[in-house]
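Coordinate analysis (summary)
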Amino acid sequence: MRPSLSSTRVIGAANVAVILVAVVALMIMPGDDPGDRSPPEAVKVGQIQPTPPSGRPSSPAPSGQPSGQPSAQPSAQPSAQPSEPAPIPTASQPPAVVATPEFAKQVKANEAGLVPIIMYHRIIKKRVASIDRTPDQLRQELEKLAKQGYVPITAAEFAAGRIQVPAGKFPVVLTFDDGHPSHFAMDDQGRPAKNTAVAIIYDVARKYPSFRPVATFWVNHYPFGLQKQEQQASAAQWLHRQGFEVANHTWTHPNLRAMGTKKVREQIARLERMLKKLGVPPSTTMALPFGSMPHKKKAARKGEWGGVRYDFDAVFLAGAEPSLSPFAKGYDPGAVQRIQSNGKKGECRKWCSQYWLEWLQKHPGWRYVSDGDPDRVSVPKKLQGNIAAKRRDQVNAY
Ligand SMILES: [Zn+2]
């Protein structure tokens, strides 16, 4: 599975030519791989401090956003601690703006652009599999994202088109598969345990306040390695309250391609039934174990088994490239691309996160840049044709 960005997925070549001076320059150098060239230029799009259009009202966040709202401080924070622990950052979203074409132009908004959806597995000090990352590797990658102007959103927000990151910034989706204990655990004080994914995300958010601390955890039965239902419920609910997404990665993590459709539905519905018991909302996203699509593709997205229904906004692959914008023509919610977090060795010489994050730094014209306005889809006029028909009435072209 090595889809190429070049032809099919990316935005009609004719349309992009204008913005891609850099790309064109690279492409006319024969036999050279743009991804492996000199160090990334200093792209500062994310650091633009746009002048807001005058007199624009600030509209409230769109309704129906259970996650991502400012959350109450967790109750398990004893105030009589000898040394006061650092407060847990909240996942509140920035106030929405109303983007005029002038404003969208000023911030170089491009909501037809590519979004990196990064896939993590275990976060462990001694890596065993190549897909394992160490706590330091995760921390470094998240700090790099923060410095480059990326703001996390959940997969649920991405799939619903609720991409509310500040104008001029870039959405990124952090996804953790398999519900490993290294993703989330509580310490004795009832706080995220050191070096878990959640603790690292919070560390980075404290250091870089623009880095919104949210992520998606796609879990199987025994989420986060927890055996008891009370523990599972408390973990899932805590994460949900904080703005994290806990969603479906099937019951036992089978290869769905090797199963009949009924078994596929059972695998997904059982996990939905578990999440309901744990007291968190139904999943609106799911990730395919091994990225393996069942023969009946539709069964991964929507179905019913044993009286449990599921109907996801999007199904995620195990990926090899940034995703198209959910507003773009050609975006397939039944098979959304992700990028494995990894360096540039071996199979990851291309296709993993270091490669792609460098690529996006070097090709800013291809990247999704937010207009800060959740109701409008802002794009340069040249890219207007890349927006899906059902989003046409939201288009704000400049
Ligand atoms: Zn998995």
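Residues numbered from 1 in each chain as written. Predicted model: local features only at pLDDT ≥ 70, side-chain atom pairs only at ≥ 80, totals over all residues. Heavy atoms only, no water.

In this section: the overall build of the protein chain. Check the secondary structure of the protein chain and you find 11 helices and 12 strands. In the protein chain, once contacts between residues fewer than 6 apart in sequence are set aside, the share between residues at least 24 apart is 72%. Roughly 17300 Å² of accessible area belongs to the protein chain as shown, and the carbon and sulfur atoms make up 54% of that amount. (Helix = DSSP H or I, 4+ residues; strand = E, 2+ residues; numbered from the N terminus. Contact = heavy atoms within 4.5 Å. Areas by Shrake-Rupley, 256 points an atom, 1.4 Å probe, with all protein chains shown as cover.)

Glancing now at the layout of surface pockets. As a volume, the second largest pocket reaches approximately 360 Å³. The wall of the second largest pocket is formed by 22 residues, among which M119, I131, A318, G319 and Q340 lie closest to the centre. Looking at the lining of the second largest pocket residue by residue, the classes come out as 10 nonpolar, 6 polar and 6 charged. (1 Å grid on protein atoms, 1.4 Å probe; cavity = no way out; pocket = protein on both sides within 12 Å on 5 of 7 lines; lining within 4 Å. Points joined across faces, edges and corners; volume = space filled by probe spheres on them. Nonpolar A, V, L, I, M, F, W, Y, C, P; charged D, E, K, R; others polar.)

In this section: the packing of aromatic side chains. Counting across every chain of the model gives 18 aromatic pairs. Between the aromatic rings of F327 and Y368, the centroid separation amounts to 6.4 Å while the plane-to-plane angle is 40°, which identifies the pairing as tilted. Taken together, the residues F327 in the loop between β9 (314–316) and β10 (339–340) and Y368 in the loop between α11 (353–362) and β11 (377–379) connect sequence positions 41 residues apart. Like F327, the residue Y368 is buried in the burial classification. Taking the centre distance of 5.1 Å and the plane angle of 80° together, the rings of Y355 and W356 count as edge-to-face. Here Y355 and W356 have matching classes, each one buried. Here the aromatic residues Y120, F176, F184, Y202, F217, F224, W238 and F244 are joined through ring pairs into a cluster of three or more. The ring of F170 has R367 lying over it, and the distance from NZ or CZ to the ring centre is 3.7 Å. (Phe/Tyr/Trp six-rings, centres within 6.5 Å; stacked < 30°, edge-to-face > 60°. Buried < 20%, exposed > 50% of the residue type's maximum accessible area, 1.4 Å probe, protein only. Lys NZ or Arg CZ within 6 Å of the ring centre and 35° of its normal.)

Once that is clear, we can look at the coordination of the zinc ion. D178 (OD), H249 (NE2) and H253 (NE2) make up the full set of protein donors to the zinc ion, lying at 2.0 to 2.1 Å. All donors of the zinc ion come from a single chain, and their spacing in sequence reads D-x70-H-x3-H. Of this pair, D178 sits in the loop between β3 (170–177) and α7 (197–207) while H253 sits in the loop between β5 (245–248) and α9 (261–278), and the two are 75 residues apart along the sequence. Relative accessible area serves as the criterion here: at 29%, D178 is assigned to the partly exposed category. (Donors = N, O, S within 2.8 Å, 3.2 Å for Na, K, Ca; no water.)

All right, on to the confidence of the model for the protein chain then. Residue-level pLDDT values for the protein chain average 84, and 79% of them are 70 or greater. Overall, residues 1–80 carries pLDDT values under 50, and its contacts beyond four positions in sequence, including any with other chains, amount to 134 contacts. (pLDDT = per-residue confidence, 0-100.)

Before going further, it helps to examine the nonpolar core. Within the largest apolar cluster, 75 residues are counted, with the highest numbers of intra-cluster contacts made by L142, F158 and F176. With residues near it in sequence (within four places) discarded, F176 still touches Y120, H121, I123, L138, H183, A197, I201, A215, T216, F217 and W218. Within the second largest apolar cluster, 16 residues are counted, among which are V264, M293, A300 and Y310. (Core = buried A, V, L, I, M, F, W, Y, C linked by side-chain atoms within 4.5 Å.)

Attention shifts here to the side chain of S182. Here S182 is to be found in the loop between β3 and α7. Here I123 takes part through its backbone nitrogen, which lies 3.0 Å from a polar atom of the side chain of S182. Side-chain polar atoms of S182 contact the side chain of H180, separated by 2.6 Å. Aside from chain neighbours lying at most four places away, what touches S182 is R122, I123, I124, N195, T196 and A197. (Polar contact = N/O pair within 3.5 Å; in protein donor to acceptor, adjacent residues only side chain to side chain.)

What follows deals with the pattern of salt bridges. Throughout the structure, instances matching the rule amount to 11 salt bridges. Two residues, K207 and E143, come together in a salt bridge whose shortest N-O distance is 3.2 Å. Remark: E143 occurs in helix α5 (residues 135–148) and K207 occurs in helix α7; sequence separation between them is 64 residues. When its relative accessible area of 53% is taken as the criterion, K207 is described as exposed. Here E143 falls in the buried class, since its relative accessible area comes to 14%. (Salt bridge = Lys/Arg side-chain N within 4 Å of Asp/Glu carboxyl O.)

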